[in-house]
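Coordinate inspection notes
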Amino acid sequence: MSLSKPAFLGHLKILTNPALRRPHCRHPPRFISLRFLSFATPEEAAAERRRRKRRLRIEPPLSSINRPSTSPPPPRPPSSIPQNPNSPKLPEPISALFGNRLNLHNRILTLIRENDLEEASLLTRHSIYSNCRPTIFTANAVLHALIRQSKYSDFLSLHRFITQAGLAPNVITYNLLFQTYLDCRRPDTAMEHYKQFINDAPINPSPTTYRILIKGLVDNNKVERALELKEEMAVKDFAPDPLVYHYLMVGCAKNSDADGIFKLYEELKEKLGGRIEDGVVYGGLMKGYFLRGMEDAAMECYEEAVGENSKVKMSAVAYNSVLDALTKNGNFEEALKLFDRMLKKHNPPKQLAVNLGSFNVIVDGYCKQGKFNDAIDVFRKMDNYRCGPDVLSYNVLIEQLCENGLLAEAEELFGEMTEKKVNPDEFTHVLLMDACFKNARADDAAGYFKKMVDSGLRPNLAVYNKLVDGLVKAGKVNEAKAFYDLMVKKLKMDVESYQFMMKALSEDGKLDEVLKMVDHLLDEDPIIFDEEFQEFVKGELRKDGREEELGKLMEEKERQKAEAKAREVEAAEAAKRSAREAVASLLPSKLLGKKEEEKELATNTSDEANAALSVNGESNGGKEESTEEVVAENSASGDADPAR
């Protein structure tokens, strides 16, 4: 293709004149960097990124140049409210449970599953001040395990430790504390902690908090206070809880208050819009009908709750309330039919139709019917439905067996507790101990008491008195005295306990042991040994003509006390003297130090002067004259020549 002459000349003119060139052919300005879309190697890309960063530091982009300058925000004025270092801290979130803290959490959970609660508690305590501090969720797991084993003293000890260590509790920690005091029959203490929680804690209560408190108050026969808590839930805008109303209806049933049951039911029905779909309240409603003698209405309510066409949602707790209503009102056969239906529906985890409470209700019903073998069979079927019995379940069945003369079966169940890793508590041992005394097995009763002490449990004074009384009645005074020597260091004995043991020893002709007890009593608790107590001991010694020995013993004790007091006074005086001597030895060196320095300086000066005079005497002719002789000669010469 050839170009014409005019076209060629025009193209040449454009090439030779830069002003006529096209805009896209111009060179870019220097402050705009060229950006390549690809690089041959990663090193070139990294070098380009570094170059861009350097360029941006030297020449910022146009957007930052044209951005209007903004003045920094004014500093906030300091808060007039001082920060209290003792104010409660917020609990840690669940996100804090990771890394080494999660590993520690899993390790402690393993100990709990192995039923080694002592090691789990110890590891939690040691970890508090280590580099891997446990979270509150780990501490709650241990606390909850201690409650399940009814180790309330260990729970309170660990709770006090983590609180003093500064581990901020969450609402679960507070709920466990309330549960502990309510289980220990101390509802007033639980409510005091609840008030403190409401006033001081930086977190709010949960619906579970009110469920625990209301159930505990009902169990402790404080229904009026539980009703006040229900009103408090409404003030705090909590949704009406059918489970809370169930607990309150159970409390009214205990007090035979049928009107209260129906009032609560109507109140809940009104708050839920005229229909109650949760079946947990139907058991209480049935009890209300039974209290009024309206059995037909109660059974109609039963059909409405668990009938074939029922639209009511029944949980394990709801079924248990209906079972309890049937069992306690003469309909145990119907309760057994319902229990069989529950076992067939039970399909965990999809549907939980039975739990530990279901078996407890049926076992209790069989025991009331006198069918103890059937009760034991149902009790042992719990494991087949993943419902492991706890110590309370064992205690209920063992108590029923012991009261009905089935001690062998009760002891067999006691042996199974260790196999199923359920630790017996004090009540378990006391049940078996009482049953052994009733069956003239004093040695076995003493064995159960010793097992209780060796396992770390703490029997109270009433349990000790039962043991000693049973042993004395069985003629085993020596064994009773041995247990007295064991428990006198662990229990605060009262006057009746001392006198009972002394009377038993006196009747057995062991007055020397009585005097030894008096000797120990005068050393450890002399206040309790008043005049009335002294008359009692004199009366026992008077039977053998040894009344004066008590006076001699008391005089000897007074003499020993006087000597001990004199030695204490002498030791105190010696300590005062040594203290005065020490102070006296320190005072001159501190207060009179300057005077001693001046005396020492004067002595050193006179010694230097004497030394200088002796040196001068030797140099003048070997004369050895003292300073006094020189002065005497000068005075004599002055007397001989008065004209000078």
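From a predicted model like this one, the values you see are computed outputs, not experimental measurements. (Residues numbered from 1 in each chain as written. Predicted model: local features only at pLDDT ≥ 70, side-chain atom pairs only at ≥ 80, totals over all residues. Heavy atoms only, no water.)

Some details on the overall build of the protein chain
When you go through the protein chain residue by residue, the secondary structure sums to 31 helices and zero strands. Out of the 644 residues belonging to the protein chain, those deemed buried represent 36%. Intrachain contacts of the protein chain at a sequence separation of at least 6 include 60% that bridge at least 24 residues. For the protein chain, the accessible surface area stands at approximately 40500 Å², while carbon and sulfur atoms represent 52% of it. (Helix = DSSP H or I, 4+ residues; strand = E, 2+ residues; numbered from the N terminus. Buried < 20%, exposed > 50% of the residue type's maximum accessible area, 1.4 Å probe, protein only. Contact = heavy atoms within 4.5 Å. Areas by Shrake-Rupley, 256 points an atom, 1.4 Å probe, with all protein chains shown as cover.)

Digging into unusual backbone geometry
Phi at N221 takes a positive value of approximately 60°, unusual for a residue other than glycine. Examined against the element boundaries, N221 turns out to sit in the loop between α10 (207-219) and α11 (223-235). Judged by relative accessible area, N221 falls into the exposed class, the value being 61%. Notably, K421 is not glycine yet its phi reads approximately 60°, a positive angle. Take K421: it is sitting in the loop between α21 (407-419) and α22 (426-438). Taking relative accessible area as the criterion, K421 reaches 48% and is therefore assigned partly exposed.

Structural notes on the side chain of K287
Here K287 is to be found in helix α14 (residues 282-291). Beyond its immediate stretch of four places on either side in the chain, K287 contacts V250, A253, I261, D324 and A325.

Considerations on helix α13 (residues 258-271)
Here α13 is 14 residues long and its end C-alpha atoms lie 20 Å apart, about the 20 Å a rise of 1.5 Å per residue gives. A258, G260, I261, F262, L264, Y265, E267 and L268 are the residues of α13 that are buried. The elements touched by buried residues of α13 are α11, α12 (242-254) and α14. Within two residues after α13, G273 carries a phi angle of roughly 85°, on the positive side. (Expected span 1.5 Å × (residues − 1).)

Description of a positive patch on the surface
Together, R49, R50, K53 and R54 give the surface a local cluster of positive charge. On the basis of relative accessibility, which here comes to 44%, the residue R54 falls in the partly exposed class. (Patch = residues over 30% accessible without salt bridge, like charges linked within 9 Å, V, L, I, M, F, W, Y side chains within 5 Å. Salt bridge = Lys/Arg side-chain N within 4 Å of Asp/Glu carboxyl O. Lys, Arg positive; Asp, Glu negative; His and termini not counted. Charge placed at Lys NZ, Arg CZ, Asp CG, Glu CD.)

Points about the packing of α11 against α13
In contact at an axis separation of 14 Å, α11 and α13 are set at 10° when each is read in the N-to-C sense. The angle between the axes of α11 and α13 places the two elements in the roughly parallel class. Across from L227, K230, E231 and A234 in α11, the residues of α13 making contact are L264, E267 and K271. Along the lines of polarity and charge, the residues of the contact of α11 with α13 split into three nonpolar, no polar and four charged. (Axes fitted to C-alpha atoms, helices over the stretch in contact; angles between N-to-C directions. Parallel < 35°, antiparallel > 145°, perpendicular 65-115°, else oblique. Nonpolar A, V, L, I, M, F, W, Y, C, P; charged D, E, K, R; others polar.)

Here we look at a negative patch on the surface
Together, E114, D116, E118, E119 and D154 make up a negatively charged patch on the protein surface. Mapped onto the fold, E118 is located in helix α5 (residues 117-128).

Section: the side chain of N320
Within the element layout of this structure, N320 appears in helix α16 (residues 316-327). On the accessibility criterion, N320 (12% relative accessible area) is buried.

Structural notes on the state of the cysteines
Per the counting criterion, the structure on display carries zero disulfides. Residue C436 stays outside any disulfide, its sulfur separated by 8.0 Å from that of C402, the closest cysteine. Its relative accessible area of 0% is what places C436 among the buried residues. (Disulfide = S-S within 2.5 Å.)

A short note on the packing of aromatic side chains
Summed over all chains, the structure comprises 16 aromatic pairs. Arranged with centres 5.2 Å apart and planes meeting at 80°, the rings of F332 and Y366 form a pair that is edge-to-face. Here the residue F332 occupies a position in helix α17 (residues 332-345), and Y366 occupies one in helix α18 (residues 356-368), the gap between them amounting to 34 residues. Of the two residues, F332 and Y366, both sit in the buried class. Ring geometry for F414 against Y448: centres 5.6 Å apart, planes inclined by 85°, an arrangement best described as edge-to-face. With F414 in helix α21 and Y448 in helix α23 (residues 442-454), the pair connects residues that are 34 residues apart, well separated along the chain. For the pair F414 and Y448, one class covers both residues: buried. (Phe/Tyr/Trp six-rings, centres within 6.5 Å; stacked < 30°, edge-to-face > 60°.)

Some points on α22
A rise of 1.5 Å per residue sets the reference length of α22, with its 13 residues, at 18 Å; its end C-alpha atoms lie 18 Å apart and thus fit the reference within 8%. Those residues of α22 lying buried are T428, H429, V430, L431, L432, M433, A435 and C436. In this fold, the buried residues of α22 make contact with α20 (391-403), α21, α23 and α24 (461-473). A440, located one to two residues past α22, shows a positive phi value of around 55°.

Let's talk about the pattern of salt bridges
It is possible for side chains bearing opposite charge to pair when their charged atoms get close. Applying the stated rule across the entire model yields 38 salt bridges. Among the salt bridges present, the one from K420 reaches D383, with a minimum N-O distance of 3.2 Å. Of this pair, K420 sits in the loop between α21 and α22 while D383 sits in the loop between α19 (372-380) and α20, placing them 37 residues apart in sequence. With relative accessibility at 30%, the residue K420 sits in the partly exposed group. Between E513 and K516 there is a salt bridge; the shortest N-O distance is 4.0 Å. Here E513 and its partner K516 are both found in helix α27 (residues 511-524), three residues apart, which amounts to about one turn of the helix. When its relative accessible area of 26% is taken as the criterion, E513 is described as partly exposed. Here the salt bridges do not stand alone but share partners, grouping K230, E231, E267 and K271 into one network.

Concerning the confidence of the model for the protein chain
Residues at a pLDDT of 70 or more form 80% of the protein chain, whose mean pLDDT is 82. Here residues 23-36 is a poorly scored stretch, pLDDT under 50, and it has nine contacts once near neighbours within four places are set aside; other chains count. In this model, residues 612-644 is a region of pLDDT below 50 whose contacts with residues beyond four sequence positions or in other chains number eight contacts. (pLDDT = per-residue confidence, 0-100.)

A look at the packing of helix α4 (residues 100-113) against helix α6 (residues 136-148)
Each packed pair of helices is defined by two parameters, the angle between the axes and the distance between the axes. Viewed as axis vectors pointing N to C, α4 and α6 meet at an angle of 10°, and their least axial separation amounts to 9 Å. With respect to α6, the element α4 is oriented roughly parallel. For the pair formed by α4 and α6, the contact residues are H105, I108, L109 and I112 on the first element and F137, T138, A141, V142, A145 and R148 on the second. Split by residue class, the contact of α4 with α6 holds seven nonpolar, two polar and one charged.

Here we look at the environment of D200
When you line up the elements, D200 lands in helix α9 (residues 187-200). Classification of D200 as partly exposed rests on a relative accessible area of 46%. Put simply, D200 and S87 are 113 residues apart on the chain and 8.4 Å apart in space, counted from C-alpha to C-alpha.

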